[in-house]
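# Observations on the model geometry
If you want the building blocks of each chain, they are given just below.
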Amino acid sequence: MLKRKMFRDIRFNLSQFITIFLMVFMGVMVYAGIRSYMDGMTKTADIFYEDNNLQDLEAIGENFTDEDLKQIKDIEHIKNAERKLTVMGTMENEEERTLQVNFIESNEISKFYVKDGKAFDKSKKGVWLDEYYAKNNNLKVGDTIKIKYEKETLEEEIIGLINVPDHVYDIKDESEIFPNHIDYGFCYLSINEFPENIIKQEIMKKMNVTDETIFNTAMPDFRAQDYLIYNYVMIDVDNEENKNNVKNQIEEKIENAIAVTDIKDSISYSSYQGEVEEGETYVGVFTGLFLFIAMLSVITTMTRVVKKQRTQIGTLKALGFKKGKITNHYVGYGLWISLLASLLGLIIGPLFIGNLFMGMEMEYFQIPNGKAVISTSSFIVAIMVVLVVSIVTYITCRKELKENPAETLRAEMPKVKQNSLNITTKGIFKKMSFSSKWNARDILRNKMRTAMGIAGITGCCMLLVCAFGMLDTMNNFIETQFEKLFNFDYKLTLKSGYSDEVFEELTKKYGDSTSQSLGIEIKEGDEKQSNNIFVDDSKESVRFLNHDGEYIKLSDNGIYVTEKLAETKGYKIGDKISWHIYGEEKYYESEIVGFDRNPQNQNIKMTKKYLENLGIEYKPDSIYTNEDLSKIKEIDGVELIQDKNALEEGMLSMINTMQTMVVLLIIVAAILGGVIIYNLGILSFTEKQYQFATLKVLGFKNKKIKKIYIKQNNWITIISIVLGLPLGFFMVDFIFKMALSDTYDFSAKIKIASYAYAIVGTYIVSFVFSKILAKKVRKIDMVTSLKGNE
Amino acid sequence: MGELIRFNNVKKTYNIGEKSFNALDGVDFGINKGEFVVILGPSGAGKSTLLNLLGGMDKATSGEIVIGGETISNYNDSELTDYRAENIGFIFQFYNILPTLTVLENVELINDIVKNPKSAKQILKEVGLEKHYNKFPNQLSGGEQQRVSIARAIAKNPLLLLCDEPTGALDSKTGVEVLKLLKKQCDSNNGENTVIIVTHNSLIAEVADRVIKLKNGKVESNQINENPKKIEEVNW
């Protein structure tokens, strides 16, 4: 019978139960969905790296010989090593499409994941092409592509479409944030396909021979493969902890190795890792807060439902139902609904939200078989949610059952504890208006309800601050980077090994604002940390900011490190650091003379003069100019022309994605805040109804009673806003500090206007729902309300 | 003295589901200014409904209610609110005082709706509660709470004081005290104040100037009591 009652109750209180269902469902769905996406990211990559044997270390050099490879393989703890010849090519007739071309001898390390076509075979002609690049350029297995490298053109048939574990995240250069897979990709060929002519020309240049016939007679046994210039060695180490040891040994023994880097420091690996870590913070902060507010609204609604059943509980008890049976009946309400909603959330979340986000990520990151993974934590959260709902129902129900049936059969009357209200008859309370006193005491009597209300509205306000604040912070970052630090229109990246004539010509045409980047290693005890030095001769085309956002001029007597770097490494002004340029043995010692702040890049800076004082030749690799280059595609001696505005627009487009999220946040905040205000209002209404009826009888106008009723919500809203604004700021700050990897340095920057929006937004939500609630005052029927009390 | 209240064929019908029920079924009577009136009747006779109509808490289904020359049966909600605020004092069986306001505050509440109310402290003194200004209602006895309610009602110096079983929840000794206060209110202001008590306790009728008996939603009798007893004389 009680079961039948349950179904009917659910039907009669459908809107409340739908609220509970939806809130639990949404809370669990968002949590499980985003969690499964994060776990999917980690798991998918782990599997890919493991199955396809991502290298542990990578040696960079100019020419690794057979002997070098043999020596490397002989080093203890090295399981395997493979050489790679990597060059940059372009697609013929489509010069804006760049391909990283790799020539390999075997494929045991960083093995191909062949999506389509054949596995690697040294003896095969043809090219294994980046699957994403192929997809975005409509290329298939069997098609032929022409790759231009120097003066040679390789015409190759595509024999495989592949993903490779060290090409998870591939960008042309640092100016790009998101890979687009349209104008940049990678491909692999057998080393046999390397154009012989290039090697021949190279050797002839070295021998100072211009005539090929002379060369042929001079070297009758010339075999191109003996002169191949491998520039990378991929190394598979047996154990993570032996990495450092192996790295040092290679650097010591192999003269041709300029540097040995950990794969974890590679852009591909660390960017993906960064994305995962960034996501982790979002997940923690957002889903946590979301779940919390959703639970608040569920709890308030559930309490409301049980309280509404008060007289029925009394009746059941009077009829002789055992306490346990009644409790079970009501706990059933919360249990079944939240269980059903949680289960659905657990299924739908990973399926849709999880895979949606995974899909979005896998557009950028090249990992096969990316899918969401449901983790145990989602199950735990779901169980917790069901438990919390059931326990809250249990407690509320027990509270009602404690009273004797006669009591419970009556509408609930406010109980006044003298002690707790005594304070309100003195001091400032004395001067309060009647309605303020009434509300102040109502709050004191219902501390829990008030606390829930404040928590809910504060959360709502925080989400709003966060939504606007994230946009502000991103905009501020872009402004700092592109308006403050970059004081040029175009950046020209020079080809390495340019001649003096070419350089002179370029500076004549485009000005002499230049810079050089030096790859270095910093010695820290026994460890070496890689970093880079920006050598400035840009004549303020590139500017520097101090902590307070003021411009600084670099002095010539030392180095500057970025604040974030100094913070992570514990550098202080006056400290000396010891460093060497990659590929050179000589160490330099430099004193830190200042800090600067850079949102995107944590490195070391010095002036050209300081560099030259150290006895190092300044060899610029970039020219900055304000000339209009919008129509120029190619400049002799220039590898890359970058348009600052295009870069800025690229960044801004990233903000568009964020805007969608912001809108979502605002809607969620509004709904949650509204539901909580409404529920709390309804909860308190039954007991207030009788008092309001009394006021009405006394001759108070509806408007006045409404004002009294809403006053409390207004107070709660004001307190919540006061709390929510700073908390919202900290939340944004936390997100940007924690979510972004060490290379980024930007703290929350929220405009006054955004705070204003958050205030107005929170207030509107509170106001609208208060208005809806206040409508109930008009409907109070004096006669029945007063009767109900008798 | 002139007539203050006039009911002409007043009906009040409640619809419960598909059935309808006449709580008042064509009621006619008049009450003069300054009278101490008792409306008697068994439960279900329509006493409370009558009182609710008099107090402007409810609207008649048909008929005419004239009070002080104004036809209040034509009033809308807002006019009724003003009417209640200016003219009516209410006293209920269960006091209906606000539990979160102190004794003094419950009476001072009237300051928010009436322009020239009597001094709350003065009135509380008159009903003998001068020592309890800062207490909350639940610290008072039933009789004391009812006195707060009376103080609140007479603070606005109402034309008409309506009492619904004012002694119903009190022991007889306290009940007598309360009746005395109500009588005193009726006699003050040069005997211009009218007090109407709804009760099923026929003993109270002995002290009334006028007794109206209700039965099944109709007026059974409406009699002037030529020699009302003094409250002390009634054998409670």
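Residues numbered from 1 in each chain as written. Chains lettered and ligands numbered in written order. Predicted model: local features only at pLDDT ≥ 70, side-chain atom pairs only at ≥ 80, totals over all residues. Heavy atoms only, no water.

As a further point, take the interface of chain A and chain B. Taken together, the contact between chain A and chain B spans 27 residues of the former and 29 residues of the latter. Both faces combined, the contact of chain A with chain B buries some 2,800 Å², and carbon together with sulfur accounts for 61% of it. The tally of links from chain A across to chain B stands at 4 salt bridges. Put simply, glutamate 105 of chain B and arginine 441 of chain A hold a salt bridge, and the shortest N to O gap is 2.5 Å. Inspection of the chain A/chain B interface yields 9 residue pairs in polar contact (both at pLDDT 80 or more). Elements supplying a minimum of two residues to the side of chain A that touches chain B: helix H13 (418-422), helix H15 (434-445), helix H20 (644-698) and helix H23 (782-787) of chain A. Here the element with the most residues in the side of chain A that touches chain B is H20 of chain A; it accounts for 7 residues. Of the residues that constitute the side of chain A that touches chain B, the class distribution is 13 nonpolar, 7 polar and 7 charged. (Contact = heavy atoms within 4.5 Å. Buried area = accessible area lost by both parts, 1.4 Å probe. Salt bridge = Lys/Arg side-chain N within 4 Å of Asp/Glu carboxyl O. Polar contact = N/O pair within 3.5 Å; in protein donor to acceptor, adjacent residues only side chain to side chain. Helix = DSSP H or I, 4+ residues; strand = E, 2+ residues; numbered from the N terminus. Nonpolar A, V, L, I, M, F, W, Y, C, P; charged D, E, K, R; others polar.)

This part covers a positive patch on the surface. Together, Lys308, Lys775, Lys776 and Lys779 of chain A make up a region of like positive charge exposed at the surface. With 3 residues, helix H22 (residues 752-779) of chain A is the single largest residue contributor to the positive patch. (Patch = residues over 30% accessible without salt bridge, like charges linked within 9 Å, V, L, I, M, F, W, Y side chains within 5 Å. Areas by Shrake-Rupley, 256 points an atom, 1.4 Å probe, with all protein chains shown as cover. Lys, Arg positive; Asp, Glu negative; His and termini not counted. Charge placed at Lys NZ, Arg CZ, Asp CG, Glu CD.)

According to the stated counting rule, one finds 28 aromatic pairs over all chains in the structure shown. Ring geometry for phenylalanine 112 of chain A versus tryptophan 128 of chain A: centroids 6.0 Å apart, planes at 45°, classification tilted. One end of the pair, phenylalanine 112 of chain A, is in the loop between strand E3 (94-104) and strand E4 (113-117); the other, tryptophan 128 of chain A, is in strand E5 (residues 127-130), and 16 residues separate them in sequence. Of the two residues, phenylalanine 112 of chain A and tryptophan 128 of chain A, both sit in the buried class. Ring centres of phenylalanine 112 of chain A and tyrosine 188 of chain A lie 5.0 Å apart, and the angle between their planes is 65°; on these two criteria the pair is classed as edge-to-face. Taken as a pair, phenylalanine 112 of chain A in the loop between E3 and E4 and tyrosine 188 of chain A in strand E8 (residues 184-190) lie far apart in primary sequence, 76 residues in all. Aromatic rings pair up to connect Phe112, Phe120, Trp128, Phe186 and Tyr188 of chain A into one cluster. When the ring centre of tyrosine 498 of chain A is taken as origin, the NZ or CZ atom of lysine 619 of chain A, which lies over that ring, is 4.1 Å away. Between lysine 183 of chain B and the ring centre of phenylalanine 36 of chain B, over which it is positioned, the NZ or CZ distance is 5.3 Å. (Phe/Tyr/Trp six-rings, centres within 6.5 Å; stacked < 30°, edge-to-face > 60°. Buried < 20%, exposed > 50% of the residue type's maximum accessible area, 1.4 Å probe, protein only. Lys NZ or Arg CZ within 6 Å of the ring centre and 35° of its normal.)

Once that is clear, we can look at the domain arrangement of chain A. Residues and elements named next belong to chain A. The domain architecture assigned to chain A consists of domain 1 (1-51 + 272-410), domain 2 (63-255) and domain 3 (490-627). For domain 1 versus domain 2, the separation of C-alpha centres amounts to 53 Å. Contacts between domain 1 and domain 2 engage 12 residues on the former and 16 residues on the latter. Across the interface of domain 1 and domain 2, roughly 1,200 Å² is buried in total on both sides, 59% from carbon and sulfur atoms. Contact with domain 2 buries area across many residues of domain 1, yet Phe48, Tyr364 and Gln366 alone supply 56% of it, more than any other trio. Of all the secondary-structure elements, those providing two or more residues to the side of domain 1 that touches domain 2 are helix H2 (14-51) and helix H10 (323-364). (Domains from an automatic or database assignment.)

With that out of the way, let us pick up helix H6 (residues 172-191) of chain B. All buried positions along H6 of chain B are accounted for by Thr174, Gly175, Val176, Val178, Leu179, Leu181, Leu182, Gln185, Cys186 and Gly191 of chain B. Where H6 of chain B starts, the residue carrying a side-chain oxygen 3.1 Å from the main-chain nitrogen of lysine 173 of chain B turns out to be aspartate 171 of chain B.

All names here are of chain A. With the rule as written, the count across this model stands at 36 salt bridges over all chains. In this structure, the salt-bridge partner of lysine 247 is glutamate 251, at a minimum N-O distance of 3.5 Å. Taken together, the residues span about one helical turn, with lysine 247 and glutamate 251 both in helix H7 (residues 243-253) at a distance of 4 residues. In this structure, the salt-bridge partner of lysine 247 is glutamate 521, at a minimum N-O distance of 3.2 Å. With lysine 247 in helix H7 and glutamate 521 in strand E12 (residues 513-524), this residue pair connects regions lying 274 residues apart in the sequence. Exposure class is identical for lysine 247 and glutamate 521. Each is buried. One continuous salt-bridge network, built from bridges that share partners, spans Glu240, Lys243, Asp262 and Lys264.

At glutamate 479 of chain A, helix H16 (residues 447-485) of chain A shows its largest kink, close to 25°. Along H16 of chain A, 30 of the 39 residues are buried, which leaves the element largely enclosed by surrounding structure. (Bend = angle between axes of the 7 residues up to and from the residue.)

All names here are of chain A. Topologically, isoleucine 60 is positioned in strand E1 (residues 57-61). For the pair isoleucine 60 and cysteine 461, spaced 401 residues apart in sequence, the C-alpha to C-alpha distance is 52 Å. Excluding its chain neighbours within four sequence positions, the residues that come into contact with isoleucine 60 are Asn231, Tyr232, Asn256, Ala257, Ile258, Ala259 and Thr261.

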